[in-house]
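Reading the structure
Chain by chain, the residues:
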Amino acid sequence: MSEIKVVKAASLKEKPDVSKIGFGTHFTDHMFVMDYEEGKGWFDPRIVPYEDIKVSPANTTLHYGQAIFEGCKAYRYKGGKAVVFRAKDHIARLNKSAKILDIPEVDEKLVYDGLMQLIDIEKDWIPDGAGQSLYIRPFIFANDPFLGVSVSKCYKLMIILSPVAAYYAHGFAPVKIMVEDTYVRAVRGGLGAAKTPANYAASLHAGLVAHQKGYDQTLWLDGVERKYIGEVGSMNILFKIGGKIVTPNLDGTILDGITRRTVLQIAKSWGVEVEERPISVDELVGAYKDGSLEEIFGSGTAAVISPVGVLGVAGQDMVIGGGKIGPFAQKMYDFIDGLHTGEVEDTYGFIDVAGEY
Ligand SMILES: *Cc1c(COP(=O)(O)O)cnc(C)c1O
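Residues numbered from 1 in each chain as written. Predicted model: local features only at pLDDT ≥ 70, side-chain atom pairs only at ≥ 80, totals over all residues. Heavy atoms only, no water.

Brief notes about the packing of helix α2 (residues 87-100) against helix α3 (residues 108-121)
Their axes nearest at 10 Å, the elements α2 and α3 cross at an angle of 130°. By the angle between their directions, the pair α2 and α3 is classed as oblique. Crossing geometry of α2 relative to α3 is assigned as right-handed. Contact with α2, carried on its side by Ala-87, Lys-88, Ile-91, Ala-92 and Asn-95, involves Glu-108, Val-111, Tyr-112 and Leu-115 of α3 and no other residues of that element. Looking at the contact of α2 with α3 residue by residue, the classes come out as six nonpolar, one polar and two charged. (Axes fitted to C-alpha atoms, helices over the stretch in contact; angles between N-to-C directions. Helix = DSSP H or I, 4+ residues; strand = E, 2+ residues; numbered from the N terminus. Parallel < 35°, antiparallel > 145°, perpendicular 65-115°, else oblique. Left-handed = near helix turned anticlockwise from the far one by under 90°. Contact = heavy atoms within 4.5 Å. Nonpolar A, V, L, I, M, F, W, Y, C, P; charged D, E, K, R; others polar.)

Focus: the site of the ligand
Taken together, 16 residues surround the ligand, and among them Lys-195, Tyr-200, Glu-231, Thr-259 and Thr-301 come closest. A distance of 2.7 Å separates an oxygen atom of the ligand from a polar side-chain atom of Arg-93. Counting residues per element, the ones that place at least two in the shell around the ligand are α2 and α6 (258-269). Looking at the shell around the ligand, its residues break down into four nonpolar, eight polar and four charged. (Near = heavy atom within 4 Å. Polar contact = N/O pair within 3.5 Å; in protein donor to acceptor, adjacent residues only side chain to side chain.)

Considering α2
With 14 residues, α2 should reach 20 Å at 1.5 Å per residue; the first-to-last C-alpha distance of 20 Å fits that figure. Those residues of α2 that fall on the buried side of the exposure criterion are Ala-87, His-90, Ile-91, Arg-93, Leu-94, Asn-95, Ser-97 and Ala-98. Backbone geometry just downstream of α2 places Asp-102 in the positive-phi region, at approximately 60°. (Expected span 1.5 Å × (residues − 1). Buried < 20%, exposed > 50% of the residue type's maximum accessible area, 1.4 Å probe, protein only.)

Things to note about the environment of Val-344
Structurally, Val-344 is set in the loop between α8 (327-341) and β18 (351-356). Residues Val-344 and Lys-78, spaced 266 residues apart in sequence, show a C-alpha to C-alpha distance of 9.8 Å. Excluding residues that lie within four positions of it along the chain, Val-344 makes contacts with Tyr-77, Phe-335, Gly-338 and Leu-339.

Describing helix α5 (residues 204-212)
Every buried residue of α5 is accounted for by Ala-206, Gly-207, Val-209 and Ala-210. Along the axis of α5, the buried residues cluster in a sector spanning 165°; they form a single face. In α5, the exposed positions angled more than 90 degrees off the buried face are occupied by Leu-204, His-211 and Gln-212. Elements that come into contact with the buried residues of α5 comprise β9 (175-179) and β10 (217-221). Within two residues after α5, Gly-214 carries a phi angle of roughly 95°, on the positive side. (Arc of directions from axis to C-beta.)

Thoughts on a negative patch on the surface
Together, Glu-3, Glu-105, Asp-107 and Glu-108 give the surface a local cluster of negative charge. You can see Asp-107 is positioned in the loop between α2 and α3. Overall, the relative accessible area of 45% leaves Asp-107 in the partly exposed class. (Patch = residues over 30% accessible without salt bridge, like charges linked within 9 Å, V, L, I, M, F, W, Y side chains within 5 Å. Areas by Shrake-Rupley, 256 points an atom, 1.4 Å probe, with all protein chains shown as cover. Salt bridge = Lys/Arg side-chain N within 4 Å of Asp/Glu carboxyl O. Lys, Arg positive; Asp, Glu negative; His and termini not counted. Charge placed at Lys NZ, Arg CZ, Asp CG, Glu CD.)

Brief notes about the domain arrangement of the protein
The extent of an interface is frequently quoted as the accessible surface area lost upon association of the parts. For the protein, the assigned domains are domain 1 (5-169 + 347-356) and domain 2 (175-324). Summarising the inter-unit geometry, the C-alpha centres of domain 1 and domain 2 are found 27 Å apart. With 22 residues of domain 1 in contact, the opposing surface of domain 2 contributes 23 residues. Overall, the association of domain 1 and domain 2 removes approximately 2,000 Å² of surface from exposure, summing both partners, and the carbon and sulfur fraction of that is 61%. Ranking the residues of domain 1 by area buried against domain 2 places Phe-69, Arg-93 and Tyr-348 at the top, with a combined share of 30%. (Domains from an automatic or database assignment. Buried area = accessible area lost by both parts, 1.4 Å probe.)

As for the packing of α6 against α8
Relative orientation of the contacting elements α6 and α8 amounts to 105°, with a least axis distance of 11 Å. Comparing the axis directions of α6 and α8 gives the class roughly perpendicular. Of α8, the residues touching α6 (which contributes Thr-262, Val-263, Ile-266 and Ala-267) are Phe-328, Met-332, Phe-335, Ile-336 and Leu-339.

Here is the structure:
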């Protein structure tokens, strides 16, 4: 696409040892940027050297949080290709979040082209160790220098890239999560269906308290009855109950996770029965007691699949599947990991090639 201007960095950074850097600490040489002004629309799409940006101290996002983001990943693929997993779906969801926050929608084709061009330029940054990837963070934030509370007139879209280590540094391991019965994060009619910083701001304190109690993350309940399961901080949650995969339905309080969609689609293609419906804590406790609660796992771009070994409910720990990785979660992880690298053939149309080595 010729309308995307490219300014190359004068010198390139030294690439880090990805196995030692964890998540989101290092950034590549270039980024994609585009601006918006009321009356003018989105303009000046460009790939430029990665650098700090200047914002007004009165920047509306800093004060009122009108912002959205995405998270997806690029992988080194069989046959010497640089690929992105479900790029179009992530960009489409960016526009869904944009609608919820009254942010002007983007031209999905243009952002897709910008992303693919950026990945091609930065493909040497895609690490090739097991479970490693190049994390892609597109985001849009309100950019008015104005302290009044209103929908902004100026925005900036940026895409930055960060090489990331395997999520499980010590191998694929189950986590401990607790059902959160004190704090709530999103309610129906709120921002739960948008990928927006506010959902994270609302979760930080509860996360800290959960950590102090010895859990890795919180499992949110619905904010009204505090009875139905929602999602984990940055993951959707799925249960294997009596042979079926059961997950909360999309009721506006949880994110329509793309890994969730991937898992449900693959499970169906394997002939596994899938249910999207409200799930109460009582149902889970009952299924645990009668032995039909076989597995619990989270799904999200960062970890892909995160098996849950312990679920804490009102101070009582339920040990799931002996605290070990469930066979379904393991099989699903291996399959999706294979799709990322080309070890498993992509018959789903999830993979887009950005460049070749
Ligand atoms: C990003 C995110 C997820 C996971 O979504 P994926 O598309 O699978 O990465 C789940 N819940 C929340 C709140 C999120 O922000």
